[in-house]
Amino acid sequence: NSMKSYTITVNGNVYHVTVEEGIKDGAAAAAPKQAAPVSAPAPAPDAKASASAGNIEIASPVPGKIFKIEAKEGQELKRGDTVLILESMKMEIPVVAPEDGTVASIDVAVGASVESGDILATMN
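The structure presented is a predicted model; accordingly, all values stated were derived computationally and were not measured. (Residues numbered from 1 in each chain as written. Predicted model: local features only at pLDDT ≥ 70, side-chain atom pairs only at ≥ 80, totals over all residues. Heavy atoms only, no water.)

1. Observations concerning the sheet that holds strand 9 (residues 113–114)
Part 1: The strand order 7-6-4-9 describes an open sheet built from four strands, whose pairing is antiparallel. Two strands lie at the open edges of the sheet, namely strand 7 (91–96) and strand 9, each paired on one side alone.
Part 2: Two strands pair when backbone bridges link them, and strand 6 (residues 82–88) and strand 7 are joined in this way by six bridges, in the antiparallel orientation. What sits directly across from L86, in strand 7, is I93. (Pairing = 2+ DSSP bridges. Helix = DSSP H or I, 4+ residues; strand = E, 2+ residues; numbered from the N terminus.)

Shown next as structure tokens:
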């Protein structure tokens, strides 16, 4: 296993981060299996899907802030069109439509802080 060190600056704070590469898949795969109880009822995903307006969820690829919203609800987008722009580590990162469709909802506002995996918008 190799160790790599990085220096990352976030909002003027400097962090020294060491990342170990080559972690065995078995260790990482064991945790999610334990976290998901077998007795969990199936309706949970359905409830989440009905809460969002669209069936195509656009999730944040990284933690950051919403810098600019490019698309509007009801707008037709092609795959690759920019939905919104995230600001993360002083970079602007476009978040694009994963496929052709119509914007069903924009679930965030400019200036909002988001975590990786948060749903930013939905499409149909």
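2. As for the sheet that holds strand 10 (residues 119–123)
Part 1: The sheet built from four strands is open, its strands ordered 3-10-8-5 with antiparallel pairing. Looking at which strands have only one partner, the edges of the open sheet turn out to be strand 3 (56–59) and strand 5 (76–77).
Part 2: Where strand 5 and strand 8 (residues 101–106) come together, two bridges link them in antiparallel fashion. The residue bridging L77 from the neighbouring strand is G101, located in strand 8.

3. Quick look at the side chain of T122
Part 1: Structurally, T122 is set in strand 10.
Part 2: Among the residues examined, T122 registers a relative accessible area of 0% and is labelled buried.
Part 3: A distance of 2.6 Å separates a polar atom in the side chain of T122 from a polar atom in the side chain of S105. (Buried < 20%, exposed > 50% of the residue type's maximum accessible area, 1.4 Å probe, protein only. Polar contact = N/O pair within 3.5 Å; in protein donor to acceptor, adjacent residues only side chain to side chain.)

4. Things to note about the side chain of S105
Part 1: On the secondary structure map, S105 appears in strand 8.
Part 2: A distance of 2.9 Å separates polar atoms of two side chains, one belonging to S105 and the other to D107.
Part 3: Beyond its immediate stretch of four places on either side in the chain, S105 contacts A53, E73, A121 and T122. (Contact = heavy atoms within 4.5 Å.)

5. Remarks on the confidence of the model for the protein
Part 1: In this model, the protein carries an average pLDDT of 79, and 73% of its residues clear a pLDDT of 70 or more.
Part 2: Overall, residues 25–51 carries pLDDT values under 50, and its contacts beyond four positions in sequence, including any with other chains, amount to one contact. (pLDDT = per-residue confidence, 0-100.)

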